[in-house]
Amino acid sequence: MEGKEILLGVSGSIACYKAAELASTLVQAKAGVSVVMTHAATQFVTPVTFEALTHRPVFVDLFDREYVASIAHVTLADKADLLVIAPATANVIAKLALGLADDLLSSLALACGAPLLVAPAMNDRMYAHPAVQANLRCLRERGARIVEPEAGMLACGHEGQGRLAEPERIVAAIRAALCTS
Ligand SMILES: Cc1cc2nc3c(=O)[nH]c(=O)nc-3n(C[C@H](O)[C@H](O)[C@H](O)COP(=O)(O)O)c2cc1C
């Protein structure tokens, strides 16, 4: 992974804490990691956590006045070898499928020419919902790689499929994606 630039998108799931472990593992593997969080994600983990782990600023706002000169969603997208969204909420997956661009993460996903890897995390019924499955199918058909969530006890108390894949599975998928891109 040395020298590779990974853009890590983190959206608003209870599984955000696992993204911190993922970022740390990627940095230890000598990848450059830039993190973009949705506003909802900052309710679960603070940007400071990712800044400390990646030694880089974390981006949240599309209209950030400090970075307006360089237009963060374009510069971050241009540099990336791979865009990884983990955890990916049902909301972000829907926005990716539709091509919506109403925040920094969804805007840069459109501006990014790098391959896309999505690791969904959500309640089992949300994950099984035909709308979510149709959106994931749409992303797959466009060439995105999906790291399927795992089955087990969920934070909501249900048992079923929806738990974010463990960081080592996501890292293995990242390595595979970087090898073939
Ligand atoms: C405690 C809690 C946990 C949540 N976990 C998830 C989750 O794992 N997956 C998901 O799709 N939405 C989850 N949500 C709902 C999202 O945070 C919500 O849909 C939000 O609008 C997502 O915004 P974003 O996609 O911009 O990050 C959770 C909400 C709360 C309050």
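Within each chain, residues carry numbers counting from 1 in the order of the written sequence. Reporting in this predicted model follows two pLDDT cut-offs: at least 70 for local features of residues, and 80 or more for side-chain atom pairs to be given and counted; totals over whole chains, interfaces and linings ignore these cut-offs and use all residues.

1. Thoughts on helix H1 (residues 16-28)
Here's step 1: The helix and strand labels rest on DSSP assignments: H or I over at least four residues marks a helix, E over at least two residues marks a strand, and numbering proceeds from the N terminus. To estimate how far a helix should extend, the number of its residues minus one is multiplied by 1.5 Å. Under the 1.5 Å per step criterion, the end-to-end length of H1 is 19 Å for 13 residues, consistent within 8% with the ideal 18 Å.
Here's step 2: Exposed residues have 12 or fewer other C-beta atoms within 10 Å of their own C-beta, buried residues have 20 or more, and partly exposed residues fall in between, where C-beta atoms are placed from the backbone. Restricting attention to buried positions, one finds in H1 the residues Cys16, Lys18, Ala19, Leu22, Ala23 and Leu26. Projected down its long axis, H1 carries its buried residues within an arc of 150 degrees, all on one side.
Here's step 3: In the core, the buried residues of H1 are packed alongside strand E1 (5-10), strand E2 (32-37), helix H2 (47-54), strand E3 (82-88) and helix H8 (167-180).
Here's step 4: Positive backbone phi, at 75 degrees, marks Lys30, one or two positions downstream of H1. Our arc is simply the arc of the directions from the helix axis toward the C-beta atoms. By definition, residue pairs are in contact when their C-beta atoms, positioned from the backbone, come within 7 Å.

2. Points about the packing of H1 against H2
Relative orientation and spacing of two packed helices are given, respectively, by the angle between their axes and the distance between those axes.
Here's step 1: At a minimum axis distance of 9 Å, the contact between H1 and H2 shows a crossing angle of 15 degrees. It follows from the interaxial angle that H1 and H2 lie roughly parallel. Considering how the two elements wind past one another, H1 and H2 form a crossing that is right-handed. Residues Ala20, Ala23, Ser24 and Val27 of H1 pack against Thr49, Phe50, Leu53 and Thr54 of H2.
Here's step 2: Note on residue classes: Ala, Val, Leu, Ile, Met, Phe, Trp, Tyr, Cys and Pro are nonpolar, Asp, Glu, Lys and Arg are charged, and everything else, Gly too, is polar. Broken down by class, the residue content of the contact of H1 with H2 amounts to five nonpolar, three polar and no charged. Helix axes are fitted only over the stretch in contact, all axes being lines through C-alpha atoms; the angle between N-to-C directions runs from 0 to 180 degrees. Comment on the angle field: the value is read as roughly parallel under 35 degrees, roughly antiparallel over 145, roughly perpendicular from 65 to 115, and oblique elsewhere. Working rule for handedness: look at the near helix, and if it is turned counterclockwise from the far one by less than a right angle, call the crossing left-handed; if clockwise, right-handed.

3. Concerning the environment of Gly113
Here's step 1: Within the secondary structure, Gly113 sits in the loop between helix H5 (104-111) and strand E4 (116-120).
Here's step 2: Residue classification places Gly113 among the exposed residues on the basis of 8 C-beta atoms within 10 Å.
Here's step 3: Considered as a pair, Gly113 and Leu82 are 31 residues apart in the sequence and their alpha carbons are 8.7 Å apart.

4. A few points about the sheet that holds E4
Here's step 1: The rule for pairing is simple: two strands pair if DSSP sees at least two bridges between them. With parallel pairing, the five strands of this open sheet are ordered in space as E2-E1-E3-E4-E5. Edge positions in the sheet fall to E2 and strand E5 (145-146), since each has one partner strand and no second.
Here's step 2: Relative to E3, E1 runs parallel, the two sharing four bridges. Each residue of the ladder has a partner; that of Leu8, found in E3, is Val84.
Here's step 3: The strands touched by H1 within the sheet are E1, E2 and E3, with E1 carrying the most contacts at an inclination of about 175 degrees.

5. Quick notes on the pairing of E4
Here's step 1: Counting buried positions along E4 yields five of five residues, so the element is predominantly enclosed.
Here's step 2: Both faces of E4 are covered, namely the face carrying Leu116, Val118 and Pro120 and the face carrying Leu117 and Ala119.
Here's step 3: Note that E3 and E4 share four bridges and pair parallel. Paired with Ile85 across the two strands is Val118, which belongs to E4.

6. Re the nonpolar core
Note that soluble globular proteins tend to have their nonpolar side chains buried in a common cluster.
Here's step 1: Formed by 58 residues in total, the largest nonpolar core has its most connected members in Ile6, Leu8, Leu83, Ala86, Leu117 and Ala119.
Here's step 2: In terms of residue count, the dominant contributor to this core is E3 (six residues).
Here's step 3: Residues contacting Ala119, with those up to four places away along its chain left out, are Ile85, Ala86, Pro87, Ala88, Val147, Leu164, Ala165 and Ile170. What we call a nonpolar core is a set of buried Ala, Val, Leu, Ile, Met, Phe, Trp, Tyr and Cys residues whose membership is set by joining through C-beta atoms within 7 Å.

7. Some remarks on the pairing of E1
Here's step 1: Burial runs high along E1: five of the six residues are buried.
Here's step 2: Where E1 meets E2, six bridges bridge the pair, whose relative direction is parallel. The partner of Ile6 across the bridge, within E2, is Val33.
Here's step 3: After leaving E1, the chain enters H1 and then returns to the sheet as E2, a path that is right-handed. Look down the strands so they point away from you; if the path from the first strand over the helix to the second goes clockwise, the crossover is right-handed.

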